[in-house]
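These are the residues of each chain, in order.
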Amino acid sequence: MPDLLIELFSEEIPARMQARARDDLKRLVTDGLVQAGLTYASAGAFSTPRRLALTVEGLSAQSPDTREERKGPRTDAPEKALEGFLRGAGLTRDQLQVRDDKKGQVWFAVIARKGRPASEIVAEVLETTIRDFPWPKSMRWGTGSLRWVRPLHSILCILSDESGATTVPLNIDGIASGNSTRGHRFLSPDAFTVTGFDDYVARLRRAHVMLDPAEREAEIRQQAENLAFARGWQIVPDDTLLSEVAGLVEWPVPLMGVIEDRFLDLPPEVLQTSMKEHQKFFSARNPKTGRIEGFVTVANIATPDDGETILAGNQRVLAARLSDAAFFWENDLREAKSGMNAWAEGLKSVTFHNKMGSQADRIARVAALAREIAPMVGADPDQAETAARVAKLDLQSAMVGEFPELQGIMGRYYAQAAGYPDAVADAARDHYSPLGPSDAVPTAPVSVAVALADKIDTLTGFWAIDEKPTGSKDPFALRRAALGTIRLIVNNVVRSHLLDAAKTGLLANFSHQLNTIGEERTKAVDLAWETIVAEDGRLAKHAQKIFAKALNDRNSKIDWNAAVEKAKAQSPDRVKLDPDRPGTLNHTSHNLLAFLHDRLKVHLRDQGIRHDIIDAVLAQPGNDDLVLVVNRATALNAMLQTEDGRNLTQGLKRAGNILAQAEEKDGVEYSFGADAKFAETDQERALFAALDKAEPAIRRAIADEDFPAAMTAIAALRAPIDAFFEAVQVNSDNQILRRNRLNLLSRIRNAGREIADFTKIEG
Amino acid sequence: MTSPKPPRSFQEIILRLQTYWAGQGCAVLQPYDMEVGAGTFHPATTLRALGQRSWAAAYVQPSRRPTDGRYGENPNRLQHYYQYQVIIKPSPPDLQNLYLGSLKAIGLDPMIHDIRFVEDDWESPTLGAWGLGWEVWCDGMEVSQFTYFQQVGGHDCRPVSGELTYGLERLAMYVLGAEHVMDMPFNDPGAAIALTYGDIFRQTEQEYSRWNFDQADTETLFQHFKDAEAECARIIAASETDSAGRRIPMAHPAYDQCIKASHIFNLLDARGVISVTERQAYIGRVRALARACADLFLTTEAAGASA
């Protein structure tokens, strides 16, 4: 059983591409070998900046001989049929056999294929792998046509067993395979030969190359921690940076440096980000002061001066970078202290989306929405509105211009400097959250109000211009915004009517389209009419206000108030209104709600609640209150975990089915008038009694939103229902009895409907 | 092997690079006599990267980036600075080692410094060009761009050129240990009349910063842009044969107008009169010129087209 070793030696491979390249190399080569009939015991892939390596152990020395029998046409079949068969089998007529078959004599082909030596297969598989390698970006170089991530210099490919190692011969665009490689670019530049994987790893190490990225990571982590420990500091953990740095070095030599005093007053996030993004330094924190006071840079070389020159150089570069950062910070603080008006002004000319206006337009919408949401989350409306107006001003700061990832974080510092209360400053920092499914959800009321308003405005904005996510395409991260909305609402138990919030957000976004021209504007104006006629109360007033303002802003000659009065007087004929027509406020808001429900299903499924349970709950009224939906679904899920719950579901379904059949047959709905005096059996009477008791209990519990109590109350029906179906024939010949029993079943159906739509529960 | 003595001035670093690349067989060219944003714009790079003819050139190129002007106050930023540019076609297999040799020549010994090739893909939207390569780090500082050209003016580069770009001021400041670019010795600090970088350029940085940001007449510039664009198009559309019947397509004169348009766009950008949406449109207009020039150049002898 030989072992295979492959190394593809090139110029520096981008760090971010190495992990996937390792996986791809392993997958493509081993899949290819297996497809060609070889087997292997194990395989492992490794990378450094200059090489991709693969070891495959316990490979079969050759593929097995195979024998295939193929049945052909009958011997008296037309000549054409036989020719086709010969072509397919790659044989001539004299190589065929004639055998007896049920229907006569038939041609048979016996195709024997000799096994092939592993080296032949390896050469083919490796060539295909190299030529078709799925690099995210690849290039040509010199005069060649081969593509690789950067110029490919050599291919090491050997098969080794007890008798020694042999090179697998192959030649790709002039690069011939061999059994040699090179060590570290500067420390051990000479070529050397290797005899197998263990020998390769050992010789590389002597040549100052640590092959295994996991080992380099461990080495960097360990040494960085030791260096920090010696000063009483701690390294700020950063796994992303660690894996990137491990992909930039073959021979990691961590060096520790100190940040100059003059930079220590910079916010720690600025120090950390500047060092990480520009220099790929790890940050070291002094636990006594809580500040970032040092850094670790990882060199790719051990030098005679123990890295002194390298460290001094890095220190200089860092000083220049941090001088820039300090300059930004001081200028930004000055602007912040003077009220940030220039920033607010600047955002007017920053386009958010060409159909959704500027960042300033967006901020105005978010502020209005935050004000509406504030009471639902226990925030002061004035403070929520202020926070929304302040939260994005840092987008104009020099620091965020340099480090976009610091948006929000800088916003908090600048809001503080401007003298805003902590609740407002914290909202600036937290209103982008939660970003990912594991990101923390804000809890402070003002932060929650602004975060929700921000996300709802994003969603309604893109819904208003019909830019919804499709399939894998979600360029504006709307799924993330939806999940963020859900988590903000559910985690903070925000009782809200999302449809109202969605309509408010949509109105603000639709009104923006009045600023457009041509067809878009005509559509927006139509929509304004429709909304005012279709909606009543607060939303209609809101719509009037918004549209009137938008139209007046354009110096429109329309006397809006008179027009509204006229439209109302003539409605609904004045405007042909179909609220379910795509594009209307009603349709669009429901469409958005359905999208949120889909994301909620994904969210709850991750928490172990089945989608059919959520569907059963979403069919209930009030489904735009996500807190209610989640509480109901959680209680229903718990009940369905019990035996009573599962059997009850069956009983409810059975009752529902019998009723549905009878109603279809009779053409009536059985919904009223079951009378206990027509009960014939004890089981029937018992069911009446149980329903008399359960119905008010369920109604009370639902009114109190005490879903566990509602579940307990309905679960009590399980035994009487089971006993009833056991003993009673519903479709009696006696029509009075039959009608009475069907009406009794309808009481069961109604009891179930109070809780959920049980017909949607599977199983 | 003993390392050479460290260089003592900005000009010595330039001279050593010139000598080194001349020794590697490059034609040492002079700067292009037009305002450009980077050494890549020199026709010795942009146009010569096209076509099949082999090519090897090295040169200093004064480069202008109006938006980077800081009145000579920022230690690292200038609106006028120098790039050192090397272009070799086809890219030789040992280009990385040749490059490392140039660092040794200016006193950066890779045995005591930390030299690293860090992914950095290059793209010039105005030239319709892109390539893959790295920024080269020395002790954490970017000292060069290293690029394998894949496309220029929308055309695949076959063969591929290897391009090296050194930011001379930054590199020299590091080698010479200067904290502020204006304090860096330009000629030998022991010379009878020793001049610093600031002696030569502090005043010009102030003057140009003022002009770039406040004074450049935008109406005139907009007109110049249109003129350059129109002249470029006219040259390209002109008949390939002159009055004597000789075939002389005018790729280089056309390309000059493209360079001019590109620089005027940069000036307008510094004046803050180009909005975000217009920006893309202007870049697209310059790119269209660059493409047309590339198309024309490819029909010429310098590109290896048979006459």
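Residues numbered from 1 in each chain as written. Chains lettered and ligands numbered in written order. Predicted model: local features only at pLDDT ≥ 70, side-chain atom pairs only at ≥ 80, totals over all residues. Heavy atoms only, no water.

*Asks:* What is the right way to read the overall build of chain B from this model?
*Replies:* Each helix and strand in chain B was counted, giving eight helices and nine strands. Against the compact-globule benchmark of 19 Å for 307 residues, chain B has a radius of gyration of 20 Å, which places it among compact chains. If you line up chain B on its principal axes, its C-alpha atoms span 60 × 45 × 35 Å. Across the 307 residues that make up chain B, the buried fraction comes to 53%. (Helix = DSSP H or I, 4+ residues; strand = E, 2+ residues; numbered from the N terminus. Rg over C-alpha atoms; globule rule 2.2 N^0.38 Å. Buried < 20%, exposed > 50% of the residue type's maximum accessible area, 1.4 Å probe, protein only.)

*Asks:* Just checking my understanding: could you explain the side chain of Thr300 of chain B for this structure?
*Replies:* Following the sequence through the fold, Thr300 of chain B ends up in the segment after helix H8 (276–297). By relative accessible area, Thr300 of chain B is classed as buried at 11%.

*Asks:* Please explain the interface of chain B and chain A as it appears in this structure.
*Replies:* Interfaces are often described in size by the accessible area the parts lose on coming together. Contacts between the two partners involve 39 residues from chain B and, on the opposite side, 40 residues from chain A. Broken down residue by residue, the surface that chain B buries against chain A is led by Met111, Arg116 and Glu119 of chain B, which jointly contribute 17%. For the pair chain B and chain A, the number of links is four salt bridges. The partner of Glu119 of chain B in a salt bridge is Arg16 of chain A, and the shortest N-O contact between them spans 2.7 Å. Sorting the residues of the side of chain B that touches chain A by element identifies helix H3 (95–105), strand E4 (115–119), strand E6 (129–138), strand E7 (141–152) and helix H4 (168–176) of chain B as the ones contributing at least two each. Looking at the side of chain B that touches chain A, its residues break down into 21 nonpolar, 10 polar and eight charged. (Contact = heavy atoms within 4.5 Å. Buried area = accessible area lost by both parts, 1.4 Å probe. Salt bridge = Lys/Arg side-chain N within 4 Å of Asp/Glu carboxyl O. Nonpolar A, V, L, I, M, F, W, Y, C, P; charged D, E, K, R; others polar.)

*Asks:* Mind showing me how you'd approach the pairing of strand E14 (residues 253–258) of chain A here?
*Replies:* A regular strand places its side chains so that they alternate between the two faces of the sheet. Residues and elements named next belong to chain A. Burial analysis of E14 places five of its six residues in the buried class, which makes it a mostly covered element. In this sheet, strand E16 (residues 291–299) lies alongside E14 in antiparallel orientation, the contact comprising six bridges. In the strand pairing of E16, Met256 is matched with Val296. (Pairing = 2+ DSSP bridges.)

*Asks:* Hey, could you run me through the packing of helix H26 (residues 707–715) of chain A against helix H28 (residues 735–755) of chain A in this one?
*Replies:* A pair of packed helices is characterised by two quantities: the angle between their axes and the separation of those axes. Residue and element names in this part refer to chain A. The contact between H26 and H28 brings their axes to 10 Å, and the two run at 160 degrees. On the basis of their axis angle, the class for H26 and H28 is roughly antiparallel. The way H26 lies across H28 gives a crossing that is left-handed. Contacts from Ala710, Met711 and Ile714 in H26 reach Ala751, Gly752 and Ile755 in H28. (Axes fitted to C-alpha atoms, helices over the stretch in contact; angles between N-to-C directions. Parallel < 35°, antiparallel > 145°, perpendicular 65-115°, else oblique. Left-handed = near helix turned anticlockwise from the far one by under 90°.)

*Asks:* Please explain the pattern of salt bridges as it appears in this structure.
*Replies:* Once their charged atoms are close, side chains differing in charge can pair, the charge on each being opposite to the other. All names here are of chain A. Applying the stated criterion across every chain, the model contains 66 salt bridges over all chains. Note that Asp76 is salt-bridged to Arg74, the shortest N-O span being 3.2 Å. Take Asp76: its relative accessible area is 57%, and that puts it in the exposed class. A relative accessible area of 38% places Arg74 in the partly exposed class. Each member of the salt-bridge network shares a partner with another, and the members are Arg362, Arg365, Lys392, Asp454 and Asp457.

*Asks:* Looking at this model, I keep getting lost on the state of the cysteines. Mind explaining?
*Replies:* In a disulfide, the sulfur atoms of two cysteines are covalently bonded to one another. Residues and elements named next belong to chain B. Per the counting criterion, the structure on display carries zero disulfides over all chains. For Cys26, which is in no disulfide, the shortest distance to another cysteine sulfur is to Cys157 and amounts to 17 Å. The class of Cys26 is buried, set by a relative accessible area of 7%. Cysteine Cys258 is unpaired, with the sulfur of Cys293 as its nearest cysteine sulfur at 5.0 Å. (Disulfide = S-S within 2.5 Å.)

*Asks:* Looking at this model, I keep getting lost on a nonpolar patch on the surface. Mind explaining?
*Replies:* All names here are of chain B. Side chains of Ile193, Leu195 and Ile200 sit close together on the surface and give an oily, nonpolar patch of about 260 Å² of accessible area. Note on placement: Ile200 falls in helix H5 (residues 197–215). The exposure class assigned to Ile200 is partly exposed, which follows from its relative accessible area of 33%. (Patch = residues over 30% accessible without salt bridge, like charges linked within 9 Å, V, L, I, M, F, W, Y side chains within 5 Å. Areas by Shrake-Rupley, 256 points an atom, 1.4 Å probe, with all protein chains shown as cover.)

*Asks:* I'm lost on the sheet that holds strand E6 (residues 104–113) of chain A in this one. Help?
*Replies:* Hydrogen bonds between backbone groups are what pair the strands of a sheet, and the pairing can be parallel or antiparallel. Residues and elements named next belong to chain A. Taking strand neighbours across the sheet as the criterion, the three strands line up as E4-E6-E5 in an open arrangement whose pairing is antiparallel. Only two strands of the sheet have a single neighbouring strand rather than two, namely strand E4 (66–74) and strand E5 (97–101). Shown here is a sheet whose adjacent strand axes are inclined to one another by a mean of 35 degrees, direction ignored. Two strands pair when backbone bridges link them, and E5 and E6 are joined in this way by five bridges, in the antiparallel orientation. Bridging from a neighbouring strand, Arg99 pairs with Val106 of E6. Taken strand by strand, helix H2 (residues 79–89) contacts E4 and E6, and its axis lies near 170 degrees from that of E4.

*Asks:* Can you walk me through unusual backbone geometry in this structure?
*Replies:* A negative phi holds for most residues other than glycine; trans holds for most peptide bonds. Between Ser433 of chain A and Pro434 of chain A the backbone carries a cis peptide bond, its omega angle lying at -10 degrees. Note on placement: Pro434 of chain A falls in the loop between helix H14 (422–430) and helix H15 (445–464). Going from Arg158 of chain B to Pro159 of chain B, the amide bond is cis rather than trans, its omega being 0 degrees. Position of Pro159 of chain B among the secondary structure elements: in the loop between strand E8 (155–156) and strand E9 (162–167). If you check the backbone angles, His208 of chain A has positive phi at about 60 degrees while not being a glycine. Tracing the backbone through its elements, the reader meets His208 of chain A in the loop between helix H4 (197–206) and helix H5 (213–230). Not every positive phi belongs to a glycine, and Lys280 of chain A is a case in point at roughly 60 degrees.

*Asks:* How should the pairing of E4 of chain B be read in this particular structure?
*Replies:* All names here are of chain B. Summarising burial for E4: four of the five residues are buried, a large majority. Alignment of E4 against E6, held across five bridges, turns out to be antiparallel. Across the sheet, Ile115 pairs through a bridge with Cys138, a residue of E6.

*Asks:* Explanation requested: helix H13 (residues 409–417) of chain A in the structure shown.
*Replies:* Residues three or four positions apart in an α-helix share a direction because the helix packs 3.6 residues into each turn. All names here are of chain A. Among the residues making up H13, those that are buried are Met410, Gly411, Arg412, Tyr413, Tyr414 and Ala415. Those residues of H13 hidden inside the fold are in contact with helix H7 (268–279), helix H8 (308–337), helix H9 (341–346), helix H11 (381–391), helix H12 (398–402) and H14. Following H13 by one or two positions, Gly419 adopts a phi angle in the positive range, close to 90 degrees.

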